[in-house]
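Structural characterization, general
Listed below, chain by chain, are the residues.
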Amino acid sequence: ICSLALIILISKYYEKFIPIFFIACILLFAAEDFASLKYKNYLLETNKGNIYTFKKDGEPIKKISDFITNNSQNTDKTVVLPEGCFINFITNRKGDDFYYNLSPLFYNDVFGETRIIKHFKENPPEYFVILPINNIEYGSSYLGIDYAQNFYEMIINNYDIVKQENDIKIFKRKKI
């Protein structure tokens, strides 16, 4: 707020300040953006193309996608939660077309727990992948721990855990 007030006061007496200020901001942000590229040094090789990303993001994506590709059929529906459409894209596995994002905002406020659980009981995917993505910006941290406990319990009751590593859990539907 102080910076905004300062900009307004300076621009009132010096009209060319705003364009100079915006150009300086653009150059500063562009320099920071290009400087951050040196940290995106992990090569994530996929069938869809190669991506340079942060190692902390690329390694889990690679492990999950390799597991799904090697242990599931092309026709298997795989739901990656709370957010994981990219993994469905690179593995060529169908996800859920409606409930593909279950961050706390969507889980609690938009869809509601009852509808989500009912949907997945009626349309069960072959695999669930639960990622340890912190959603604290939405008011709750982790799926199954801070929110969606009933949904997580439904997964535990109907699916077997087939892989668990670094808080990433992959569940496969139990055979009936």
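The preceding data block contains the structure.
The notes below deal with the structure included here. Each chain carries its own residue numbering, running from 1 in the direction its sequence is written. This being a predicted model, a pLDDT of at least 70 is required before a residue's local features are given, and a value of 80 or more before pairs of side-chain atoms are given or counted; all residues contribute to the totals for chains, interfaces and linings. By convention in this description, side-chain values take in all heavy atoms of the structure and omit both hydrogens and water.

Description of the pattern of salt bridges
What counts, and what does not: Any Lys or Arg side-chain nitrogen located within 4 Å of an Asp or Glu carboxyl oxygen qualifies as a salt bridge. What counts as a helix is a DSSP run of H or I of at least four residues, what counts as a strand is a run of E of at least two, and both are numbered from the N terminus. Remark: exposure states derive from per-residue accessible area (1.4 Å probe, protein chains only) relative to the maximum for the residue type, with buried under 20%, exposed over 50%, and partly exposed in between.
Tallied over the full model, the rule gives ten salt bridges. The closest approach of N and O atoms between Asp66 and Lys62, which form a salt bridge, is 3.5 Å. One end of the pair is Asp66 and the other is Lys62, both in helix α3 (residues 55-71) and four residues apart, which spans about a single turn. Residue Lys62 is classed as partly exposed on the basis of its relative accessible area, which comes to 26%. A salt bridge links Lys118 to Glu122; the shortest N-O distance between them is 3.9 Å. Of this pair, Lys118 and Glu122 are both found in helix α6 (residues 113-122), four residues apart, which corresponds to roughly one turn of the helix. Residue Lys118 shares its accessibility class with Glu122, and that shared class is exposed.

Brief notes about α6
What counts is decided by this rule: Arc, as used here, means the arc of the directions from the helix axis to the C-beta atoms. Residue contacts are defined here by distance: any two heavy atoms, one from each residue, within 4.5 Å place the two residues in contact.
Burial in α6 covers these residues: Ile116, Ile117, His119 and Phe120. Along α6, the residues classed as buried sweep out an arc of 160 degrees about the axis, all on the same side. Counted as exposed and oriented over 90 degrees from the buried face of α6: Thr114, Lys118, Lys121 and Glu122. The inward-facing, buried residues of α6 abut β3 (78-81), α5 (104-111), β4 (127-130) and α7 (149-158).

Looking at unusual backbone geometry
In this structure, the amide linkage connecting Leu81 to the following residue, Pro82, adopts the cis form with an omega of 5 degrees. In this structure, Pro82 sits in the loop between β3 and α4 (85-91). Residue Asn92 is not a glycine yet carries a positive backbone phi of 60 degrees. Tracing the backbone through its elements, the reader meets Asn92 in the loop between α4 and α5. Classification of Asn92 as partly exposed rests on a relative accessible area of 45%.

Topic: the layout of surface pockets
Note the threshold: Grid points spaced at 1 Å and placed over the protein atoms alone form the basis of the search, with a cavity being a set where a 1.4 Å probe fits but cannot get out and a pocket an open set showing protein on both sides within 12 Å along at least five of seven lines. Lining residues have an atom within 4 Å of a point. Grid points are joined across faces, edges and corners, and a volume is the space filled by probe spheres set on the points. Three residue categories are used. Nonpolar comprises Ala, Val, Leu, Ile, Met, Phe, Trp, Tyr, Cys and Pro, charged comprises Asp, Glu, Lys and Arg, and polar comprises the others, including Gly.
Each pocket or cavity is described by its volume, and for the largest pocket that value is around 340 Å³. For the lining of the largest pocket, the secondary-structure elements that each account for two or more residues are α3 and α4. For the lining of the largest pocket, the element with the most residues is α3, which contributes five residues. Counted by class, the lining of the largest pocket contains nine nonpolar, one polar and three charged residues.

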